[in-house]
Amino acid sequence: MWMGFGRFVVTKAISYFLVLLATVSILYLATYNVIQKVVTSSAAALGVEYRQNLLKTSGAHLTTQQIQVLVTTFQQSYLAQFGFNQPLPIKFSIQIYKMLTLNFGQAYTIIWNGSKSVNVIIAGYLPNTILLFTTATLILIAIGTLIGLLAAKSAGTSWDRIVPIIAVVHSSLPAWWLAFLLIAGLGYDLNLLPTQGMMSVPPPTGALAVDLNVGEHMILPILSLLIVGLGGFAYVVRSLVISTMGEDFVLTARARGLPESRILFKHIFRTASPAITTQAILAITGSFGGALLTEIVFNWPGIGLLTYNAIFANDLPVVVGIVFVTTIILLVGLFIGELVYGLLDPRIRVGSD
Amino acid sequence: MTSQTKKGKPSLLKELFKSKSALTGIVILSVLAGLTIYSVVSLPSNISYTWQNGEAWVLYPIDAPPQWINFLGFPTAPTINLSLSQWTKETISAGAANFSEYSASTTFKWSSGVFPQDLAFEPMFSGNASTIALTWVKPQGPSILVSVSEPASGEAYEAQSQTFTNAASQYILNQTGQYVTQLSKQQVISAFFGKLANDILTSSPLSGTYQVTVQVLSSSPMNMFRSLLVVVGNSYGLMGTDNQDRPIDLGLLAGLPNALEIGFLVSIIAVVIGIVFGGLSGYLGGKKDGLMQWVALVILAMPVLPFLVVISFTQKLNIFLEVVFIAALSWPFYAIIARTVGLSVKSQAFVEADKAMGVPWYRVFASHFIPRLSAVTVAYTVLGIPGGILTAESLAFIGIGPGNLITWGGILDTAFVNQAAVFGFWWWVVFPGLMIVLSAIPFVLLGFAIERIIAPRVSAK
């Protein structure tokens, strides 16, 4: 029974790896000039660092000229690592490989924990984005599916009337603007919830207290993402469920006298779940950008805030690193979504087409 | 087929007018269109430069809430713009010399219980004026004489200026016999608006009619233009002002044409690419379909915002480039929808018949798919406009976009940077965001109505 799923995972993994290669190649070509600038400036920055080290450790033994030679060789070898002395096709493949292995050089000004290395900086911010975005997405999918199912059960005209409202909210309400309003309304005026950052200043002591404190800081960001995304997702689930309701096996189940809720959750939901998963995947890609901007307003130290700071500081290497990393993260998210799809769709699980 | 589309078109409009939500959409859309035309016609073409130029906004109050909050029980002082344009000329002979005296006067009613923020006088003329005398008559009689020596045309004399503080000091001296120097702006304002008590500052301004007469004296004839006298209140217009005195309503009006332009262009380009691509993918089927779906996935996986941020570092964005890049990254959503339409049309009997007769695939696609897909294209283009606007405004919020363009996202960015939410400048945050939402409503209403009308047609034989 699991043979089919194994094959499914392998084919999907290959397909997604190819997608990754293609996306990264397109990104690479679109940002080719910028990447060359980033690499040369990184070489220059590392050269300065290297020279200072040489002066500190063996400044007495070496002449300035010797040091200059050493620094130049060092810079040349760094550039060679990025294929600068190679013909163009090889340079392309070397640099695309560097991007795939998250090697983005040195930031201009942004520092994280004393490091100016772009991958270290991004690795510092990324977990916070993943924490916030994954939590929000899981809550959205869970509540959205539940609302969608219940709404389908009581399908009537009242739902159809609020569809335009849901659509307006979904397609035009900026989550980051809503964030402003929530901050102004619930944060400052009523002082109910924390509005800035992910931990109070000073941070509480004890692991549990820290977790609770972070959780408290997540409420408003998640709320703004939920308000924007929930209605649209629930509506899609509802339509999928309604279209499944008319199928023969549902009538059969009813004829057998099974309780309505059992039919809804066991039969209809099971059947509609692969399609729901597809919609969830689309919802993930659609809400990602909004989530990044929401971080900025809440001062949540994730990739979105880092992007904003990098734009402000004109820090090109960081910006380049972010676009590659977010693409990879998004693809991993989509891949996980596909695997869930495979798990839910019995046709795939047993390996028949 | 062709006869069906010919018959179909007028009934689509008719059906649209039957739907209440579509009618609401059309009404709101007309208002937006009217505002867009008004914006293009009434705003000067260099408005985006003026917007950045602090000098241009000195006669506006700073961080002022909208004027109408007065009616909600928050007393505010309104901003009153008075213009002096009807100049009468008089020639005065004094010995051998002839002087020209130009005078104009105006009145205004003050009923607010709150003092205004500032007072500004901006004379406009060409020629050499030797002095300007401004006589300020308060409702209960006493008048203040403001004399401007060596006046400059276009210069704004504010309450803090020597001109006004001197006049206030002189007035206080005349009335009370006390000589007070170094008056604050607040004290100057109270001298001009308040009842003169022993401590100068009174609790509330005098309400009633104020009369202002301006006399310009010159030794040679001059041309007098529309001069301004502004009572700068602590509230302004429909939507208040920001921390650089700029009226929010003006910014929103200036941002409307480009928002709609970007939204519409992004939507139509993305939808057309997506529908053709997805429709073809569904129709061709098999391995070609698999490959095309894979290509769509590649594009879908690229995060729009970070990608455009990095693009903005490689080249200066203009509206056209921004539109092309956003559209190039957002068409896969429509391709997914169109593919299912393509699949459903493909299984119809007439397609099978054409295929059996050996009609080439592109002709089958053109005659059976395009007409069905074009209805979907209209619906999704309308529905996709808000998404395009939202993306562009979101980018503007993080400072990415064509330079020197006034955008709602850009206004929200300055609000964010200046912590408008913290200081309670709600008008600076609420209205730009509301514009983004409001501009979406007509398209969503219309798009849904069109979709509902064409849905049976698309699936019909």
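(A) Inspection of the overall build of chain B at higher detail. The secondary structure content of chain B amounts to 15 helices and 11 strands. A compact globule built from 461 residues would reach a C-alpha radius of gyration of about 23 Å, whereas chain B, at 32 Å, exceeds it by more than 25%. Along the first, second and third principal axes, the C-alpha atoms of chain B reach 110 × 45 × 45 Å. For chain B, the residues scored as buried account for 44% of the 461 residues in total.

(B) Focus on the sheet that holds strand β9 (residues 208–218) of chain B. Residues and elements named next belong to chain B. Spatially, β2-β3-β9-β6-β7 is the arrangement adopted by the five strands of the open sheet, whose pairing is antiparallel. Of all strands in the sheet, those with a lone pairing partner are β2 (88–94) and β7 (143–149), marking the two edges. Across this sheet, the average inter-strand angle for adjacent strands is 20 degrees, counted without regard to direction. For strand β6 (residues 131–137) and β9, the ladder comprises seven bridges, and the chain directions are antiparallel. Residue pairing for β9: L134 is matched across the bridge by V214.

(C) Fine view of the confidence of the model for chain A. Of all residues in chain A, 94% attain a pLDDT of 70 or more, and the chain-wide mean is 84. Per-element averaging of pLDDT across chain A places helix α13 (residues 346–349) of chain A at the bottom with 67 and helix α11 (residues 303–312) of chain A at the top with 92.

(D) Inspection of the packing of helix α10 (residues 332–346) of chain B against helix α12 (residues 361–397) of chain B at higher detail. Residue and element names in this part refer to chain B. Remark: α10 packs on α12, axes separated minimally by 10 Å, with the N-to-C direction vectors making an angle of 145 degrees. Of the two possible hands of crossing, α10 and α12 adopt the one that is right-handed. Mapping the contact onto sequence places Y334, I337, A338, V341, G342 and V345 in α10 and H368, F369, R372, L373, V376 and Y380 in α12. Looking at the contact of α10 with α12 residue by residue, the classes come out as nine nonpolar, two polar and one charged.

(E) Spotlight on the nonpolar core. Ranked by internal contacts, the top residues of the largest apolar core, which has 175 residues, are A179, V319, V320 and I322 of chain A together with Y334, V429 and V444 of chain B. Broken down by element, the residue count for this core peaks at 19 residues, all from helix α6 (residues 248–284) of chain B. Setting aside residues up to four positions removed in sequence, V319 of chain A forms contacts with T307, A310 and I311 of chain A together with V309, V310 and F313 of chain B. Membership of the second largest hydrophobic core comes to 36 residues, among which are F121, I132, V212 and M224 of chain B.

(F) Layout of the interface of chain B and chain A. Listed by partner, the interface residues are 40 residues for chain B and 43 residues for chain A. Mapped by element, the contributors of at least two residues to the side of chain B that touches chain A are α7 (286–300), α8 (304–314), α12, α13 (408–417), α14 (420–423) and α15 (426–459) of chain B. In terms of residue count, the dominant contributor to the side of chain B that touches chain A is α15 of chain B (10 residues). Grouping the constituent residues of the side of chain B that touches chain A by class yields 33 nonpolar, six polar and one charged.

Thresholds, definitions, all that
Residues numbered from 1 in each chain as written. Chains lettered and ligands numbered in written order. Predicted model: local features only at pLDDT ≥ 70, side-chain atom pairs only at ≥ 80, totals over all residues. Helix = DSSP H or I, 4+ residues; strand = E, 2+ residues; numbered from the N terminus. Rg over C-alpha atoms; globule rule 2.2 N^0.38 Å. Buried ≥ 20, exposed ≤ 12 C-beta atoms within 10 Å, placed from the backbone. Pairing = 2+ DSSP bridges. Axes fitted to C-alpha atoms, helices over the stretch in contact; angles between N-to-C directions. pLDDT = per-residue confidence, 0-100. Left-handed = near helix turned anticlockwise from the far one by under 90°. Contact = placed C-beta atoms within 7 Å. Nonpolar A, V, L, I, M, F, W, Y, C, P; charged D, E, K, R; others polar. Core = buried A, V, L, I, M, F, W, Y, C linked by C-beta atoms within 7 Å.

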